[in-house]
Amino acid sequence: MPELPEVETTRRGLLPHLKGQKIRALIVREKRLRWLVPDFLPERISGKTVLDIARRGKYLLFDCRDGKESGHLLIHLGMSGSLRILDRPVQPGKHDHVDIVLENGVHIRLTDPRRFGAMLWIDGAVDAHPLLEGLGLEPLSDAFTGDYLFEVSRGKKVPIKQFLMNSHIVTGIGNIYANEALYHAGIHPKRAAGRLSLQRYTRLVQSIRETLNRAIEAGGSSIRDFVGSNGEAGYFQLDYWVYGRDGLPCRRCSAPIHSLRQGQRSSFYCPRCQR
DNA sequence: CTTTTGACCTGACAGC
DNA sequence: TGCTGTCAGGTCAAAA
């Protein structure tokens with residue numbers, strides 16, 4: 001499920017339910033996520049109040065405080081994770097690994113069949129955490145510009161698709177949006193990152209912004225459903241121009257969409273529209 | 001240093 | 001019905 005727009009949708013959906021709320025307990029049914037959920041976490045987090053939720057790339061960071069003590073709960077949704085709000089107790093299913101129980105009785109439930117997600121505690125400065133310190137720019141920040149990508153790509157021969165998916169360059173762009181953004185920018189996924197002009201990077205940055213923002217809006221339109229009971233958030237409504245459309249006609253020029261493998265991930269592109 | 005490959009894990013689906 | 005193989009929204013760590 002989660003690329004940046006889904007994580008951002010989750011953040012926005014959770015915030016009104018969590019902001020200012022005190023955590024009563026943390027129920028860990030399965031601690032074997034990507035990394036073990038720390039044994040100390042339930043005790044550490046109980047009694048703390050969630051002041052805010054931030055997002056860094058695909059990481060969610062709950063700002064937790066309890067008078068003197070403060071820290072951040074880090075959550076990553078991996079490939080298959082989701083967070084849902086339960087106003088009433090619901091029997092946990094097989095993959096419902098953790099519940100955050102609030103003083104008001106609401107449960108925030110982490111579900112993650114593949115267990116590629118993470119739940120960790122960060123003491124002190126968030127930016128110094130090993131998982132966060134090396135991250136690249138936020139694609140929706142003002143600092144993320146064509147000039148930035150142009151500069152950091154000089155001399156690199158990695159294909160632009162993999163360059164875009166490198167979180168140490170820019171965070172949050174997953175497989176779907178890398179494909180979609182490259183299509184809208186008219187750039188072939190195999191093009192060497194170091195051989196793209198400043199002009200083309202400027203257009204690419206614009207495409208990335210538009211694609212992500214449109215997806216967030218699509219997710220935003222169904223936040224209510226997400227926060228409610230059935231949990232299907234979504235940018236599923238977002239219509240794809242190339243992703244998953246292997247063999248289908250390009251929606252702009254009708255040429256058949258091609259696919260290939262890059263770094264064990266599927267890429268889709270229009271051989272006529274993308275060079 | 002860069003680039004590639006393997007690893008983690010479950011579920012859905014196609015084909016036999 | 002059931003087996004096997006492939007693929008899926010991520011990304012770290014080791015190998016080359």
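Reading the values: the criteria
- Numbering of residues starts from 1 in every chain and runs along the sequence as written.
- To read the labels, note that chains go from A and ligands from 1, taken in the order they are written.
- Per-residue local features are limited, in this predicted model, to residues with pLDDT of at least 70; the limit for side-chain atom pairs, both in listing and counting, is 80 or more; totals at the level of whole chains, interfaces and linings are taken over all residues.
- Working from all heavy atoms in the structure, the side-chain values ignore hydrogens and water.
- Summary of the burial criterion: residues with accessible area below 20% of their type's maximum are buried, those above 50% are exposed, and those between are partly exposed, where the area comes from a 1.4 Å probe applied to protein chains only.
- Each helix is a run of H or I in the DSSP string that is no shorter than four residues. Each strand is a run of E no shorter than two, and both are numbered from the N terminus.
- Pairing between two strands requires that DSSP report at least two bridges joining them.
- Multiplying 1.5 Å by the helix residue count minus one yields the expected span of that helix.
- The nearness test applies per residue and asks whether one of its heavy atoms lies within 4 Å of the molecule or strand.
- Pairing of N or O atoms within 3.5 Å defines a polar contact, subject to two protein rules: one partner must be a possible hydrogen donor and the other a possible acceptor, and residues neighboring in sequence count only if both atoms are side-chain atoms.
- Amino acids outside the nonpolar list (Ala, Val, Leu, Ile, Met, Phe, Trp, Tyr, Cys, Pro) and the charged list (Asp, Glu, Lys, Arg) are all regarded as polar, and Gly is one of them.
- This arc is taken over the directions from the axis of the helix to the C-beta atoms.
- Residue contacts are defined here by distance: any two heavy atoms, one from each residue, within 4.5 Å place the two residues in contact.
- Stacked, edge-to-face and tilted labels apply to pairs of Phe, Tyr and Trp rings (six-membered ring for Trp) whose centres lie within 6.5 Å, assigned for plane angles under 30 degrees, over 60, and everything in between, in that order.
- Criterion for a charge above a ring: Arg CZ or Lys NZ at most 6 Å from the ring centre, at most 35 degrees from the ring normal.
- Throughout, the edges of the domains are those of an automatic or database domain assignment.
- In this analysis, axes come from line fits to C-alpha atoms, helices being fitted only over the stretch in contact, and the angle between any two N-to-C directions falls in the range 0 to 180 degrees.

## Side note on the pairing of strand β8 (residues 118-122)
Logical step 1: Most of β8 sits out of view: 5 of its 5 residues are buried.
Logical step 2: Burial along β8 is two-sided: the face carrying Ala118, Leu120 and Ile122 and the face carrying Met119 and Trp121 are both buried.
Logical step 3: In the sheet, strand β4 (residues 69-76) pairs with β8 via 5 bridges, with the strands oriented antiparallel. Residue pairing in the sheet places Ile75 in a bridge with Met119 of β8.

## Focus on helix α7 (residues 198-220)
For the α-helix, the turn length of 3.6 residues means that residues three or four positions removed from each other point alike.
Logical step 1: Taking 1.5 Å of rise per residue, the 23 residues of α7 would be expected to cover 33 Å, and the 33 Å separating its terminal C-alpha atoms lies within 8% of that figure.
Logical step 2: Among the residues of α7, Tyr201, Leu204, Val205, Ser207, Ile208, Thr211, Leu212, Ala215, Ile216, Ala218 and Gly219 are the ones counted as buried.

## A word on the protein's contact with DNA strand C
Logical step 1: Taken together, 23 residues lie near DNA strand C, and Arg34, Lys58, His76, Tyr243 and Ser266 sit nearest.
Logical step 2: Of all atoms in DNA strand C that approach within 4 Å of the protein, 55% are sugar or phosphate atoms.
Logical step 3: His76 places a polar side-chain atom, nitrogen or oxygen, 2.7 Å from a phosphate oxygen of DNA strand C.
Logical step 4: Listing elements by their share of the surface near DNA strand C, those giving two or more residues are α6 (175-185) and β10 (265-269).
Logical step 5: Looking at the surface near DNA strand C residue by residue, the class counts come to 11 nonpolar, 6 polar and 6 charged.

## Considering the protein's contact with DNA strand B
Logical step 1: Around DNA strand B, the structure places Lys94, His95, Pro113, Arg114, Arg115, Phe116, Lys156, Lys157, Val158 and Gln264.
Logical step 2: Backbone atoms, meaning sugar and phosphate, make up 55% of the atoms of DNA strand B lying within 4 Å of the protein.
Logical step 3: With respect to DNA strand B, the backbone of Pro113 contributes an N or O atom lying 3.4 Å from a sugar or linking oxygen.
Logical step 4: Split by residue class, the surface near DNA strand B holds 3 nonpolar, 2 polar and 5 charged.

## Things to note about helix α4 (residues 146-153)
Logical step 1: Within the span of α4, buried status applies to Gly146, Leu149 and Ser153. Viewed end-on, α4 has its buried residues packed into an arc of 70 degrees, placing them on one side of the element.
Logical step 2: Buried positions along α4 lie against α5 (160-164) and α7.

## Details of the packing of aromatic side chains
Logical step 1: With the rule as written, the count across this model stands at 4 aromatic pairs.
Logical step 2: Considering the side-chain rings of Tyr240 and Tyr243, the 5.4 Å spacing of their centres and the 75 degrees angle between planes classify their relative orientation as edge-to-face.
Logical step 3: An aromatic cluster is built from Tyr240, Tyr243 and Phe268, whose rings are joined through pairwise contacts.
Logical step 4: One cation-aromatic arrangement involves Arg251 over Trp241; the distance from NZ or CZ to the ring centre is 4.2 Å.

## Description of unusual backbone geometry
Logical step 1: The residue Arg115 is not glycine, and still its phi comes out positive at about 60 degrees.
Logical step 2: Residue Arg115 is classed as partly exposed on the basis of its relative accessible area of 30%.
Logical step 3: At Ser254, a position not held by glycine, the phi torsion is positive, near 75 degrees.
Logical step 4: Secondary-structure assignment places Ser254 in the loop between α8 (223-227) and β9 (258-262).
Logical step 5: Judged by relative accessible area, Ser254 falls into the exposed class, the value being 54%.

## Some words on the domain arrangement of chain A
Logical step 1: Looking at chain A, the domain boundaries give domain 1 (4-128) and domain 2 (146-269).
Logical step 2: Computed from C-alpha atoms alone, the centre-to-centre distance between domain 1 and domain 2 is 28 Å.

## Examining the sheet that holds β8
Logical step 1: Pairing is antiparallel in the open sheet, where 4 strands are placed in the order β2-β3-β4-β8. Strands with a single pairing partner mark the edges of an open sheet, and in this sheet they are β2 (49-56) and β8. For this sheet, the mean inter-axis angle between neighbouring strands, taken without regard to orientation, is 20 degrees.
Logical step 2: The pairing of β2 with strand β3 (residues 59-66) spans 7 bridges and is classified as antiparallel.

## Notes on the pairing of strand β6 (residues 96-102)
Logical step 1: Taken across its 7 residues, β6 has 7 buried, putting it largely inside the fold.
Logical step 2: Summarising the sheet, strand β1 (residues 23-28) and β6 pair through 5 bridges and their orientation is antiparallel. Bridge pairing links Ala25 to Val101 in β6.
Logical step 3: In terms of strand pairing, β6 meets strand β7 (residues 107-111) through 5 bridges, oriented antiparallel. Each bridged residue has a counterpart across the sheet, and for Val98 the counterpart in β7 is Leu110.

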